[in-house]
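Listed below are the residues making up each chain.
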Amino acid sequence: MSILSVSRLTKQFGTFTAVDDLSFSLKESEILGLLGPNGAGKTTTIQMLLGVLTPTLGAIRYFGKDFAQHREEVLEDVNFSSTYTHLPWGLTVRENLRFISFLYDIDDRPGRIAKIISLFRLEELMNHPLIELSAGQLTRVNLAKAFINFPRVLLLDEPTASLDPEAAKYIREFLLNERSQFNVSIILTSHNMAEVEEVCDRVIFIDHGKMIADDTPAQLARSVETCHVELLIKEGMERAVRYVTERGNAYKTEGKHIIVDVKERDIPGFLRGLMDRGITYDEISIEKPTLEDYFLVVTRTTEANPH
Amino acid sequence: MKIHRVWGMTLRYIYAFRHNIDKMADAFYWPTIDILLWGLTSTYLTASNPEGGPTAFFVVLSGILLWLIVWRGQGEITMNALEEFWERNLINLFASPLMFREWMASLLALGFVKAMMSFAFAVTLAWFLYAVNLFHLGFLLIPFGLLLIMTGWWFGFLVMGLILRFGRKVQALAWTSIFVISPFSAAYYPLSTLPEWAQAIGKCIPITYVFEGSREVIATGHIDPWKLIISFVLNIVYLTAAGWFLHRSFEKLRERGLEKIN
């Protein structure tokens, strides 16, 4: 079932088109990654999905209802967290969560706040004003705020930015758990491609406001044909460098290691060529393309041909 | 309109008030300074010109006390709204089910309570320091108070609408602009003191009728009810127009994006 459907969404600021004819949908309990380089239109899209920016064209439907017509009702079941917005600095964590809880129709507000505090490990910070918190602690407070109304749809803009690896892992596991327990649907932006591969069922890639791709992280990674072949050269490093240069492969060297970008289907021929030239190696590892490779390839391509 | 959301926003500003010394200053410090300064000035003037008598002293101090209601009513709207812009909190608020009118309702309710709080404090102080009892105005204080705060509200709406349209470069209007109407509204002297062109402006300001009426009550014990009616009608017209302008300004800002106020 489609929880959110976006149809021909467009946002223009004067003559600049920030989001251009974007259409996609989000299924129940799906985690959708919204990826793209800086300025691609991700945040603009999220702001339109939250109703804090009016689209120039297009329609947004949540739970089968037109968002523009049912804003108040829809937002009872939607929430967001962004590294780039702040709750009031002067208020304590408890005060912020308390006043925010009154903006939603929640049955047991004190109970919900207590639960959220424990889930996000905020017990010791409750009576501290936000201005005293570190960036990572603020991110946890923002996430706590995002879960306060038992959202059915969550929009997360860089949810783990500024968290240490342990806290980021905890949050990723928490998101996956919320999804499986409560069927929460999530749209997530992140520059951490490993995180996107780990948690997202599907990825939409946008650039210059347009959708470039819509697929699973694995499929997108697979669309990049180039593998990274790393060799520990025993003998013939100079010849190896000459060889890859002649072949036109991208490469880099680190001591006795050479890492060469080779298309998957060309790897046998590449290795045979090394043997023919008497280049020997002790170790070899072949790294398949990742979502990050896809990201880099696509952004390089669109930078070269912006339209 | 959901009461729990209005209460949520009211709570947000009560918490901010508790933590913020500037807000305490607005509520208590400035009224104290006004009462001391103008009370002592009036005492001196009365002593040096006894013909003016205690009535003149009472007129000036009642003008100061009643003006407080307008000033605090407007200030609560614009300063609390500005705080949301400064703290970049508008997205948090309007990505929730909060309606614009609920936000406004919380600002109006809080403005009313805090204006009354400052007023009560200043009236008590004036009574304590100078034995001036504003409750001599009797039940008329209720319509006077309502008409004064209504002017504070529509003026606050107008200023906030301008800030939403033109951004923080005009934010100084929040704490300065209300004083523009002060000389025309004849708060401390009769309207007839002003030149004719200024009197014409004064007659378009609803609180002019309140200040004129309060002096009439002090002098004669009675008030022409038309003064209250004209003041009320003008307030309603301006409140409607300013409310519409503010809402349009907010929708215009939403077209640019709520984080784009700068």
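In what follows, the structure referred to is the one given above.
This text gives an overview of the structure that appears in the document. (Residues numbered from 1 in each chain as written. Chains lettered and ligands numbered in written order. Predicted model: local features only at pLDDT ≥ 70, side-chain atom pairs only at ≥ 80, totals over all residues. Heavy atoms only, no water.)

## Points about the overall build of chain A
In step 1: Summing up its helical and strand segments, chain A has eleven helices and 14 strands in all.
In step 2: In terms of overall dimensions, chain A has a C-alpha envelope of 75 × 45 × 35 Å along the principal axes.
In step 3: Evaluated residue by residue, chain A yields a buried proportion of 51% over its 307 residues.
In step 4: The positive charge centre, built from 34 side chains, and the negative charge centre, built from 45, are 2 Å apart in chain A. (Helix = DSSP H or I, 4+ residues; strand = E, 2+ residues; numbered from the N terminus. Buried < 20%, exposed > 50% of the residue type's maximum accessible area, 1.4 Å probe, protein only. Lys, Arg positive; Asp, Glu negative; His and termini not counted. Charge placed at Lys NZ, Arg CZ, Asp CG, Glu CD.)

## Section: the nonpolar core
In step 1: Core analysis: the largest hydrophobic core is formed by 163 residues, its most contacted members being Y62, F120 and L155 of chain A together with F94 and W103 of chain B.
In step 2: When residues of this core are assigned to their parent elements, the largest contribution, 16 residues, is made by helix α3 (residues 53–86) of chain B.
In step 3: Setting aside anything within four residues of it in sequence, one finds Y62 of chain A in contact with I3, L4, L49, F67, V74, V78, V153 and L155 of chain A.
In step 4: With 15 residues, the next largest nonpolar core counts V229, L231, I267 and I279 of chain A among its residues. (Core = buried A, V, L, I, M, F, W, Y, C linked by side-chain atoms within 4.5 Å. Contact = heavy atoms within 4.5 Å.)

## Focus: the interface of chain A and chain B
In step 1: Residue-level contacts link 30 residues of chain A with 32 residues of chain B.
In step 2: Between chain A and chain B, a total of about 2900 Å² is buried, with carbon and sulfur atoms accounting for 56% of that surface.
In step 3: Sorting the residues of chain A by area buried against chain B places V52, E72 and L103 of chain A first, and these three jointly supply 21% of that buried surface.
In step 4: Linking chain A to chain B there are three salt bridges.
In step 5: Residues E95 of chain A and R18 of chain B are paired through a salt bridge, measuring 2.6 Å at the closest nitrogen-oxygen approach.
In step 6: Counting every contact that joins chain A to chain B gives 16 residue pairs in polar contact (both at pLDDT 80 or more).
In step 7: Contributing elements (two or more residues each) for the side of chain A that touches chain B: β1 (2–13), α1 (42–50), α2 (71–75) and α3 (93–101) of chain A.
In step 8: For the side of chain A that touches chain B, the residue count by class is 14 nonpolar, seven polar and nine charged. (Buried area = accessible area lost by both parts, 1.4 Å probe. Salt bridge = Lys/Arg side-chain N within 4 Å of Asp/Glu carboxyl O. Polar contact = N/O pair within 3.5 Å; in protein donor to acceptor, adjacent residues only side chain to side chain. Nonpolar A, V, L, I, M, F, W, Y, C, P; charged D, E, K, R; others polar.)

## Brief notes about the environment of M9 of chain B
In step 1: Inspection of the secondary structure puts M9 of chain B in helix α1 (residues 3–19).
In step 2: Judged by relative accessible area, which is 0%, M9 of chain B ranks as buried.
In step 3: Between the C-alpha atoms of M9 of chain B and M116 of chain B, which are 107 residues apart in sequence, the distance is 19 Å.
In step 4: Leave out the neighbours within four places in its chain, and M9 of chain B touches F99 and L103 of chain A together with E84, L93, L98, W103 and S106 of chain B.

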